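# Summary of structural features
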Amino acid sequence: MSARPQSVKGTRDLLPPEVEVWARVEETARRVFALYGFGEIRTPIFEETELFARAVGAATDLVGKEMYSFTDKGGRSLTLRPESTAPVCRAYVEHGMHSLPQPVRLFYIGPHFRYERPQRGRYRQFHQIGVEMLGGKPGESDAEVLAVLVRFLRELGFTDLKVLLNTVGDSASRQAYKSKLVDYLRPHAERLSEDSRRRLETNPLRILDTKSREERELLAGAPRLEESLTPASRERFAWVRARLSDLGIPYEIEPRLVRGLDYYTNVVFEIVSEKLGAQDAICGGGAYEGLVEELGGPPTYGVGFAIGEDRLVEVLPESSPARARRPGPVVIRAMVRGGGAVHGGLDVDAADLAEELRSADIPAVSVGAADPKKAHAAADAFDSPVVVIVGSDELQAGTLTLRDTRQRREETMSKPDALARLKALYGR
Ligand code: HAM
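This report concerns the structure included in the present document. (Residues numbered from 1 in each chain as written. Predicted model: local features only at pLDDT ≥ 70, side-chain atom pairs only at ≥ 80, totals over all residues. Heavy atoms only, no water.)

### A look at a nonpolar patch on the surface
Worth spelling out the cut-off: Patch members must show over 30% relative accessible area and no salt bridge, and they are joined within 9 Å when carrying like charges or within 5 Å when they are nonpolar side chains of Val, Leu, Ile, Met, Phe, Trp or Tyr. Per-residue and other accessible areas follow the Shrake-Rupley method at a 1.4 Å probe size, with only the shown protein chains counted as cover for residues. Here a salt bridge means any side-chain nitrogen of Lys or Arg lying within 4 Å of a carboxyl oxygen belonging to Asp or Glu. We count a stretch as a helix when DSSP gives it H or I for four or more residues in a row; a strand needs E for two or more, and each element gets its number in order from the N terminus. Exposure classes here rest on a 1.4 Å probe applied to the protein chains alone. A residue is buried below 20% of its type maximum, exposed above 50%, and partly exposed in between.
On the surface, Ile45, Phe46 and Phe70 cluster together into a nonpolar patch covering about 250 Å² of accessible area. Tracing the backbone through its elements, the reader meets Ile45 in the loop between β1 (39–40) and β2 (46–48). A relative accessible area of 33% places Ile45 in the partly exposed class.

Put into structure tokens, the structure is as follows:
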């Protein structure tokens, strides 16, 4: 460690006032999710490594390369959660939630960890806002989860986002397709990147969402997943598409969308933003039919999504209600009129006044006997609408001076009038 410790690569401090925007985004999520009956779940930050290996798939990049895994002092292999679908399903089974009225609707907000190369929009500690709907009906659950997602994004002021939608079919569809895809790609293996050649053996579907131009050209002639869908998967997808149209949810079919985690079946989706550059996915999700069973529960239909909150905040529209700043606290400054040294008592008077305002629910900070420049710098930093000056004259006369920081005007009035004015200003 250097003489001045710094935050770890890929992590960052979120500071005021930006955190206010995050808090507003999270408030909106809680309000919208509650409208649809979702309840908050808080799972631990770390889990047994085996949970993710089993749920997400040992051959995925997430499990193979990106996990923060460590051995604790008891010799257990633990992993900082890289995602929360697996922990939520683990909790569903562990707490017997399948015997509650179904479906069970859960949401989560919090930090997640992936050892990836940091770049714009990609961090090693990042934050997800996600929902999981467990034990519902296929199709209906998919549509409801997409409805809550779109409602949330609209309330944040997004107007032009589209859901990219695809189906990866059921496992029979995928088995059939995998062998067709491998048969097609194998003779061209020399045109594939090293990663894709490895995936040819481990996870061939992942090659479909390659970003390399050469591979995309090669894939243009590949058999299409759609042609391998079983009738049941085909029907399911048609039903969901019709339902989304009925609900007025804008979507676009993206045949290349396959997602990076192994638990998905049938419907998968993503939302991307052009404003983000290479790491353009704001949200990813889809259905998973075998996961709860894989973790020891009964066969259970699951579907959900996770939004990357860091990315969401980055592309939040300028006009988003989550960006509207609340007025900062009243800044209280003590001063002696007519020059001369400030006697210590005025600092205390200013602090007392701050406490009096707070008891009327008016936010206030005292800067004590600061010079006007310092007081105004504090008001700027807090985005305060008003500075209150409590001076020796004012104290004697029972008045206060209010300085409107926007109009740059001062007005002296009786203390009760000043309190009434401040209450009105803060809507108290
Ligand atoms: P995911 O696509 O791996 O899906 O992640 C969801 C979102 O998290 C991404 O779209 C992205 O916005 C954000 N994200 C992922 N990694 C990073 C990173 N390193 N830095 C910043 N943001 C990141 C899942 O995690 C699934 N559990 C989603 C899900 C829920 N599927 C069904 N239910």
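### Quick notes on the site of the ligand
Defined as follows: When we say a residue is near a molecule or strand, we mean one of its heavy atoms is within 4 Å of it. We define a polar contact as two N or O atoms separated by no more than 3.5 Å, with the added condition that, inside protein, one atom must be a possible hydrogen donor and the other a possible acceptor, whereas residues neighbouring each other in sequence contribute only through side-chain atom pairs.
Around the ligand lies a shell of 27 residues, among which Glu83, Glu116, Glu132, Tyr264 and Ala281 are the nearest. Residue Glu116 places a side-chain N or O atom 2.8 Å away from a nitrogen atom belonging to the ligand. Taking Tyr123, its main chain carries an N or O atom lying 2.8 Å from a nitrogen atom of the ligand. For the ligand, whose unbound accessible area comes to 660 Å², protein coverage reaches 95%. Within the residue set of the shell around the ligand, elements represented by two or more residues are β6 (125–134), β10 (281–288) and β11 (302–308). It is β10 that contributes the most residues to the shell around the ligand, 7 residues altogether.

### Points about the packing of helix α12 (residues 345–359) against helix α15 (residues 415–425)
We apply this condition: To get an axis, fit a line to the C-alpha atoms, keeping to the stretch in contact for a helix; angles then go from 0 to 180 degrees between the N-to-C directions. For classification purposes, an angle smaller than 35 degrees is called roughly parallel, one larger than 145 roughly antiparallel, one from 65 to 115 roughly perpendicular, and anything else oblique. Crossings are assigned a handedness: left-handed for a near helix turned anticlockwise from the far helix by less than a right angle, right-handed for a clockwise turn. Contact criterion: two residues are considered in contact whenever any of their non-hydrogen atoms come within 4.5 Å of each other. Amino acid classes used here: Ala, Val, Leu, Ile, Met, Phe, Trp, Tyr, Cys and Pro are nonpolar; Asp, Glu, Lys and Arg are charged; the rest, including Gly, are polar.
The geometry of α12 relative to α15 is characterised by a closest axis approach of 11 Å and an angle of 50° between their N-to-C directions. Put simply, α12 runs oblique to α15. Seen along the crossing, α12 lies across α15 with a hand that is right-handed. Of the residues in α15, those in contact with Leu353, Glu356 and Leu357 of α12 are Lys415, Leu419 and Leu422. When grouped by side-chain class, the residues that make up the contact of α12 with α15 number 4 nonpolar, no polar and 2 charged.

### Quick notes on the environment of Arg325
Checked against the element boundaries, Arg325 lands in the loop between α11 (309–314) and β12 (330–335). A relative accessible area of 40% means that Arg325 is categorised as partly exposed. For the pair Arg325 and Gln175, spaced 150 residues apart in sequence, the C-alpha to C-alpha distance is 52 Å. Residues within four places of Arg325 in sequence aside, it is in contact with Pro17, Glu20, Ala381, Phe382 and Asp383.

### A short note on helix α7 (residues 194–202)
In an α-helix, one full turn covers 3.6 residues, which means residues spaced three or four apart are oriented alike. Here is the rule: Throughout, the arc means that of the directions going from the helix axis to the C-beta atoms.
Turning to α7, its buried residues are Ser196, Arg199 and Leu200. Seen from one end, α7 has its buried residues packed into an arc of 115°, which puts them on one side. Facing away from the buried side of α7 by more than 90 degrees, the exposed set consists of Glu194 and Glu201. Among the structural elements, α3 (61–65), α6 (171–185) and α8 (213–220) are those in contact with the buried residues of α7.

### Digging into the pattern of salt bridges
Enumeration over the complete set of coordinates arrives at 32 salt bridges. Close ionic contact of Lys162 with Glu252 constitutes a salt bridge, the shortest N to O distance being 3.1 Å. Separated by 90 residues along the polypeptide, Lys162 in the loop between α5 (140–155) and β7 (163–167) and Glu252 in strand β8 (residues 251–253) bring together distant segments of the chain. Looking at Lys162, the relative accessible area reads 39%, which means it is partly exposed. The class of Glu252 is partly exposed, set by a relative accessible area of 35%. Note that Arg421 and Glu411 form a salt bridge whose closest N and O atoms lie 3.2 Å from each other. One end of the pair, Arg421, is in helix α15; the other, Glu411, is in strand β16 (residues 409–414), and 10 residues separate them in sequence. Judged by its relative accessible area of 40%, Arg421 falls in the partly exposed class. The exposure class assigned to Glu411 is partly exposed, which follows from its relative accessible area of 41%.

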